[in-house]
Amino acid sequence: MEKIAIIGFSCLFPDAKNAEEFWHNLIEQKDSTSSLSIDEIGIEPAIFYDPVKGKEDKVYSLKGGFVRNFKFDGSGYNLPAPFLQNLDNTFKWSLYAAKQALQNSGYLENESVLSKCGVLLGTLSLPTKSSNKLFEPIYQEALKPAIRELLQQEEFDLATLTNFEETSFYNAMISGLPAAIVSQALSLSHIHFCLDAACSSPLYATRLASHYLWTHEADLMLAGGISCSDPIFIRMLFSGIQGYPENNDISRPLDKSSRGLITSEGVGMVVLKRYSDAVRDGDRIYASITGNGLSNDGRGKYLLSPNPKGQTLAFEKAYEEAQVNPKAIDYIECHATGTLLGDSTEFNSVETFFGKYQATPLSGSVKSNLGHLLTGAASASLIKVLLSMNKGIIPTTINITDPIGSEDNVISPSRIVTSPTNWRSKSASVKRAAVSAFGLGGTNAHTILEQNKNTQAEEKSQPLKPVKMAIVGMDTFFGDCDGLDAFERSIYQGKQHFIPLPSQRWHGVENITELLKKYKLPDGKAPTGAYISEFDIDTVSSKIPPNELEKLNKQQLLMLKVAERALQDADIKEGSNVAVLIATEAELSVHKIQQRWNLSWEIKEGLSTSEISLSSDKLNKLEKIVKDGIHPGPIDSSEFISYITNIMASRISSLWNFTAPVFTISAGENSTFKVLEVAQNLLTTGEADAVLVGAVDLAGGM
């Protein structure tokens, strides 16, 4: 298949509003991480902090990488500026980066080219600052009568930072809408969706974008990833899985002493074009993608433990596609997050694969400068390499005092770049680099880049012709249709499945008539719907402990049940080269977890405002009653993880030991069609022998 040219890129990272500032920070060996401040969350972060790991509803690290002093200009887009101005930073940062990248490519003003340009964006499905503002008033209104009764105070109100009236309802659409907004605002094509392949998302977006270029459905593609979730939610999540260093320590990727990662925010995007077209049109080619290997870990020790076999498979696929000997690689930008397990696993994978070719590339990790941008992480790695190739200098991997490896290892003290180093090519005319990304849940990617001094015209490739797909297995669960037989009978019998709201679904909020009227529900009543009242899950086959079932995101549990039956119907064998693509959106009930944490300060501030004094014992009892009323605690790591959408697909892949790409796609009501489209492309390129295509939505939530 034809090489893909990168003809533009842009970024918004901590301490860097563009690529020039990012490069300056890299060369200056700047650590762009800092401590969470009141500016990020609107309240003193110390109220959420406890230095001891494992304290309920507390974070033990406030370190992070933050985008600060950024002003969004909503003018000059194909959507009204006031509308854009009311959107969350997830949308604003994405728009800014997309516009800058297209400007960098030279095509921002070219309407005919933009009409054939798509956009694929890696995103998270977790609460944002703006989505929390939407849902906080619901929980507060629901709790108010109970708190007033407990306190015997008719005028008591919880404190709030929310100006509800100014919050756009579009901010609830966390997962899928950002790419659609970018597409509409810049008058791009119908090809747009968001995806979650964890930390590998930008490299997955790049690969899926290449499919659309190879089929000639698009002539230009934007691909990237963004991390813009609520800073407290992210810190609670990674404190829950104990991913941070203790004592607010820094992260030291590729150093033996590093004991955790630092989470960060930001966005990066690249502009892609078929190589022959880029040469023909005289575009500036920063580098070309010659190979991109995607894989999944399959079955490992634990769902979240990286598996060197999966990482090695990504290497194998990339070099087979590029037809390049690993010995020819000048530099590897490692995933290297700074966690002991993650870095040691990656080290072993690199040794296993590159060692047998006696390859000796230089190596480094941008996470030492920026921290870990989660679904935006691989875009920072990719843009660092593009800048390095074009400047001819490899920047320092900072904070290293005791580098991992020994001198006879592929990753060794002498080959980790610990001072600015001139790019030394193994070839006289070509620079070659590789970028690795290994995401939570086993989503692996390895991308090979080359920059050729002698750009030569290539023959224009013929469009890749999509293969026909055969549907060889199915299952379903709609309303009370549990399985295909029930669904078929329902169709032929003409049965409707609309029922009143099941008890306990809204936890009593359905009885607060005035609140429901405020949200324009007719007569202040919960709507009827084709609700799934209940369903069972086999805890043995799904390998989920029974005591965890009640707390896990029900979307993921339902998908596990239906996926297993569909795979059995298709007679798919474990260990096959099967991809798993699930269409889904954020499960909005995740916001109740965040509201639980906020209640501590909201109660205290509310009491202070009302001049109510309680003993510490009574205050603690009140807090516990109210917090457990929203969401019973404590919140453990398995519950956190169940709200990350890509984990839904990874669970299935892990249970069945599948090795082909695994991720989720979000595009609103079009999600199922996008998943089918991507599945067809994966089958056409031979990256999967079969694809499990699923779609899930429990839209009956409050």
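As the structure is a computational prediction, the values presented were derived from the model and not from experiment.

## What about the overall build of the protein?
Link 1 in the chain: Tallying secondary structure elements over the protein gives 23 helices and 19 strands in all.
Link 2 in the chain: What you see for the protein is a C-alpha radius of gyration of 25 Å, in line with the 27 Å of a compact globule of 702 residues.
Link 3 in the chain: In terms of principal-axis extent, the alpha carbons of the protein reach across some 80 × 60 × 50 Å.
Link 4 in the chain: Counting only residues that meet the buried cut, the protein has 60% of its 702 residues in that class.
Link 5 in the chain: The contacts of the protein with a sequence gap of at least 6 include a subset with a gap of at least 24, amounting to 80%.
Link 6 in the chain: In the structure as shown, the protein presents an accessible area of about 28400 Å², 49% of it carried by carbon and sulfur atoms.
Link 7 in the chain: Averaged over its 65 positive side-chain charges, the protein has a centre that lies 4 Å from the centre of its 82 negative ones.

## Description of the pairing of strand 17 (residues 578-583)
Link 1 in the chain: Most of strand 17 is tucked away: six of the six residues are buried.
Link 2 in the chain: In terms of strand pairing, strand 17 meets strand 19 (residues 690-695) through six bridges, oriented parallel. Each bridged residue has a counterpart across the sheet, and for leucine 581 the counterpart in strand 19 is valine 693.
Link 3 in the chain: Both strand 17 and strand 18 (residues 662-666) contribute to a ladder of four bridges, which runs parallel. The residue bridging valine 580 from the neighbouring strand is valine 662, located in strand 18.

## Quick notes on the nonpolar core
Link 1 in the chain: Of all hydrophobic cores here, the largest spans 66 residues; its most connected members are Phe22, Leu120, Leu195, Leu272 and Leu449.
Link 2 in the chain: Broken down by element, the residue count for this core peaks at nine residues, all from helix 14 (residues 377-391).
Link 3 in the chain: For leucine 449, the residues in contact, after removing those within four places along its chain, are Ile6, Ala287, Ser288, Ile289, Leu382, Val385, Leu386, Met389, Lys431, Arg432, Ala433 and Val435.

## Side note on the state of the cysteines
Link 1 in the chain: Applying the stated criterion across every chain yields a total of zero disulfides.
Link 2 in the chain: You can see cysteine 228 has no disulfide; the closest cysteine sulfur is in cysteine 194, sitting 12 Å from it.
Link 3 in the chain: Residue classification places cysteine 228 among the buried residues on the basis of a relative accessible area of 10%.

## Some remarks on the environment of leucine 516
Link 1 in the chain: One can find leucine 516 in helix 16 (residues 513-518).
Link 2 in the chain: Classification of leucine 516 as buried rests on a relative accessible area of 4%.
Link 3 in the chain: A C-alpha to C-alpha distance of 37 Å links leucine 516 and valine 119, two positions 397 residues apart in sequence.
Link 4 in the chain: Beyond its immediate stretch of four places on either side in the chain, leucine 516 contacts Trp506, Val509, Glu510, Leu521, Gly524, Lys525 and Ala526.

## Focus: the packing of aromatic side chains
Link 1 in the chain: Going through the model one piece at a time under the given rule, you end up with 23 aromatic pairs.
Link 2 in the chain: Consider the rings of tyrosine 204 and phenylalanine 663, whose centres lie 5.7 Å apart with planes at 75°: the pair is edge-to-face. Note that tyrosine 204 is positioned in helix 8 (residues 201-214) and phenylalanine 663 in strand 18, a separation of 459 residues in sequence.
Link 3 in the chain: Residue class for phenylalanine 663 comes out buried when judged on its relative accessible area of 0%.
Link 4 in the chain: Ring geometry for phenylalanine 233 and tryptophan 597: centres 5.4 Å apart, planes at 55°, overall tilted.

## Quick notes on a nonpolar patch on the surface
Link 1 in the chain: Together, Val467, Met469, Phe673, Leu676 and Val693 make up an exposed nonpolar region whose accessible area comes to about 400 Å².
Link 2 in the chain: As for its placement among the helices and strands, leucine 676 is situated in helix 23 (residues 671-685).
Link 3 in the chain: Take leucine 676: its relative accessible area is 35%, and that puts it in the partly exposed class.

## Overview of the packing of helix 8 against helix 14
Link 1 in the chain: Packing of helix 8 against helix 14 brings their axes to within 6 Å, and their N-to-C directions diverge by 75°. As the angle between them shows, helix 8 and helix 14 are arranged roughly perpendicular. Here Pro202, Leu203 and Thr206 of helix 8 lie close against helix 14, whose contacting residues are Ala378, Ser379 and Leu382.
Link 2 in the chain: When grouped by side-chain class, the residues that make up the contact of helix 8 with helix 14 number four nonpolar, two polar and no charged.

## What to know about empty space enclosed by the protein
Link 1 in the chain: Inspection of every chain in the model, using the stated rule, returns six cavities of 30 Å³ or more.
Link 2 in the chain: Taken as a whole, the largest cavity encloses approximately 70 Å³ of empty space.
Link 3 in the chain: Lining of the largest cavity is provided by Gly65, Phe66, Ser227, Cys228, Ser229, Pro231, Ile234, Arg235, Thr263, Ser264, Glu265 and Leu374.
Link 4 in the chain: For the lining of the largest cavity, the element with the most residues is helix 9 (residues 231-240), which contributes three residues.
Link 5 in the chain: Taken together, the residues that form the lining of the largest cavity break down as five nonpolar, five polar and two charged.
Link 6 in the chain: Lining the second largest cavity are Thr90, Thr123, Leu124, Leu126, Thr128, Ile174, Ile226, Ser227, Cys228 and Ser229.
Link 7 in the chain: Taken together, the residues of the lining of the second largest cavity sort by class into five nonpolar, five polar and no charged.

## Remarks on helix 1 (residues 19-27)
Link 1 in the chain: Taken residue by residue, helix 1 has Ala19, Phe22, Trp23, Asn25 and Leu26 as its buried positions. For helix 1, the arc enclosing every buried residue in end-on projection is 160°, short of the 170-degree limit, so these residues lie on one face.
Link 2 in the chain: Residues of helix 1 that are buried make contact with strand 1 (4-12), helix 13 (367-370), helix 14 and strand 11 (393-394).
Link 3 in the chain: N-cap assignment for helix 1: the residue whose side-chain oxygen lies 3.2 Å from the backbone N of glutamate 20 is asparagine 18.
Link 4 in the chain: Phi for glutamine 29, located one or two positions after helix 1, is positive at around 55°.

## Remarks on the pattern of salt bridges
Link 1 in the chain: The final tally for this structure, using the stated rule, is 34 salt bridges.
Link 2 in the chain: The salt bridge partner of glutamate 333 is lysine 384, with a shortest N-O separation of 3.0 Å. Of this pair, glutamate 333 sits in strand 9 (residues 331-333) while lysine 384 sits in helix 14; the two residues are 51 residues apart in sequence, bridging distant segments of the chain. Residues glutamate 333 and lysine 384 agree in their burial class; the two are buried.
Link 3 in the chain: Linking glutamate 514 and lysine 517 is a salt bridge whose minimum nitrogen-to-oxygen distance equals 3.9 Å. With glutamate 514 and lysine 517 both in helix 16 and three residues apart, this pair spans about one turn of that helix.
Link 4 in the chain: Classification of glutamate 514 as exposed rests on a relative accessible area of 57%.
Link 5 in the chain: If you follow the salt bridges from partner to partner, you end up with Asp219, Lys273, Arg274, Asp277, Arg280, Asp281, Asp283 and Lys460 in one network.

## What to know about the environment of alanine 378
Link 1 in the chain: For alanine 378, the position within the fold is in helix 14.
Link 2 in the chain: Each C-alpha atom of the pair alanine 378 and alanine 98 lies 16 Å from the other, and the pair is 280 residues apart in sequence.

## Some thoughts on the pairing of strand 18
If a strand is regular, its side chains alternate between the two faces of the sheet.
Link 1 in the chain: With five of five residues buried, strand 18 is to be regarded as a mostly interior element.
Link 2 in the chain: With burial as the criterion, each face of strand 18 is covered, one bearing Val662, Thr664 and Ser666 and the other bearing Phe663 and Ile665.
Link 3 in the chain: Sheet topology note: the strand 5 (residues 192-196)/strand 18 ladder contains three bridges and is antiparallel. Across the sheet, residue aspartate 196 finds its bridge partner in strand 18, namely threonine 664.

Conventions used here
- Residues numbered from 1 in each chain as written.
- Predicted model: local features only at pLDDT ≥ 70, side-chain atom pairs only at ≥ 80, totals over all residues.
- Heavy atoms only, no water.
- Helix = DSSP H or I, 4+ residues; strand = E, 2+ residues; numbered from the N terminus.
- Rg over C-alpha atoms; globule rule 2.2 N^0.38 Å.
- Buried < 20%, exposed > 50% of the residue type's maximum accessible area, 1.4 Å probe, protein only.
- Contact = heavy atoms within 4.5 Å.
- Areas by Shrake-Rupley, 256 points an atom, 1.4 Å probe, with all protein chains shown as cover.
- Lys, Arg positive; Asp, Glu negative; His and termini not counted.
- Charge placed at Lys NZ, Arg CZ, Asp CG, Glu CD.
- Pairing = 2+ DSSP bridges.
- Core = buried A, V, L, I, M, F, W, Y, C linked by side-chain atoms within 4.5 Å.
- Disulfide = S-S within 2.5 Å.
- Phe/Tyr/Trp six-rings, centres within 6.5 Å; stacked < 30°, edge-to-face > 60°.
- Patch = residues over 30% accessible without salt bridge, like charges linked within 9 Å, V, L, I, M, F, W, Y side chains within 5 Å.
- Salt bridge = Lys/Arg side-chain N within 4 Å of Asp/Glu carboxyl O.
- Axes fitted to C-alpha atoms, helices over the stretch in contact; angles between N-to-C directions.
- Parallel < 35°, antiparallel > 145°, perpendicular 65-115°, else oblique.
- Nonpolar A, V, L, I, M, F, W, Y, C, P; charged D, E, K, R; others polar.
- 1 Å grid on protein atoms, 1.4 Å probe; cavity = no way out; pocket = protein on both sides within 12 Å on 5 of 7 lines; lining within 4 Å.
- Points joined across faces, edges and corners; volume = space filled by probe spheres on them.
- Arc of directions from axis to C-beta.
- Polar contact = N/O pair within 3.5 Å; in protein donor to acceptor, adjacent residues only side chain to side chain.

Everything listed here is a matter of coordinates, which is why it stays silent on function.
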